[in-house]
Amino acid sequence: QVQLVESGGGLVQSGASLRLSCAASGRSFSGNTMGWFRQAPGKEREFVAAISWSGGIYYADSMKGRFTISRDNAKNTVYLQMNTLRPEDTAVYYCAAKRVLYGMDNNGELYGYWGQGTQVTVSS
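Residues numbered from 1 in each chain as written. Predicted model: local features only at pLDDT ≥ 70, side-chain atom pairs only at ≥ 80, totals over all residues. Heavy atoms only, no water.

Caption draft 1: Fine view of the state of the cysteines. In the structure shown here, the tally under the stated rule is one disulfide. Between the sulfur atoms of Cys-22 and its disulfide partner Cys-95 the distance amounts to 1.9 Å. Measuring handedness by torsion sign, the sulfur bridge of Cys-22 and Cys-95 sits at about 45° and is right-handed. Placement of Cys-22 in strand E3 (residues 18–25) and of Cys-95 in strand E9 (residues 91–98) is noted, with a sequence separation of 73 residues between them. Across the pair, exposure class does not vary: Cys-22 and Cys-95 are buried alike. (Disulfide = S-S within 2.5 Å. Helix = DSSP H or I, 4+ residues; strand = E, 2+ residues; numbered from the N terminus. Buried < 20%, exposed > 50% of the residue type's maximum accessible area, 1.4 Å probe, protein only.)

So this is what it looks like as structure tokens:
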């Protein structure tokens, strides 16, 4: 059974940092682009960042400079380091594996495997 399991979320104060992890099991995703998305209450799902199999990285504009995505293919794990967190970063964060090699990495419709999400809450 293929699974993506996120961890590392929590309740932090504004300005703090968190590191999210996404551990994959059931198959290797070393050849897939992996992405992070988030969804705040009452809002649509939002792209955060993506990293290709070769290490190419793409961030949403609002995340540049604060968030860093990385991957360890040997561990089948993707990470999202989040610094200088703001209350507006509060959301459920999901990792996902892109199922195709084409198309924009920020298009959630192109991702075929999703984790269950981890809650990040940033208090002011």
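Caption draft 2: Quick look at unusual backbone geometry. In this structure, Asn-76 takes a positive phi of about 55° despite not being glycine. You can see Asn-76 is positioned in the loop between strand E7 (67–72) and strand E8 (77–82). Even without being glycine, Thr-84 reaches a positive phi, approximately 50°. On the secondary structure map, Thr-84 appears in the loop between E8 and E9. According to the relative accessible area criterion, Thr-84 is partly exposed, its value standing at 46%.

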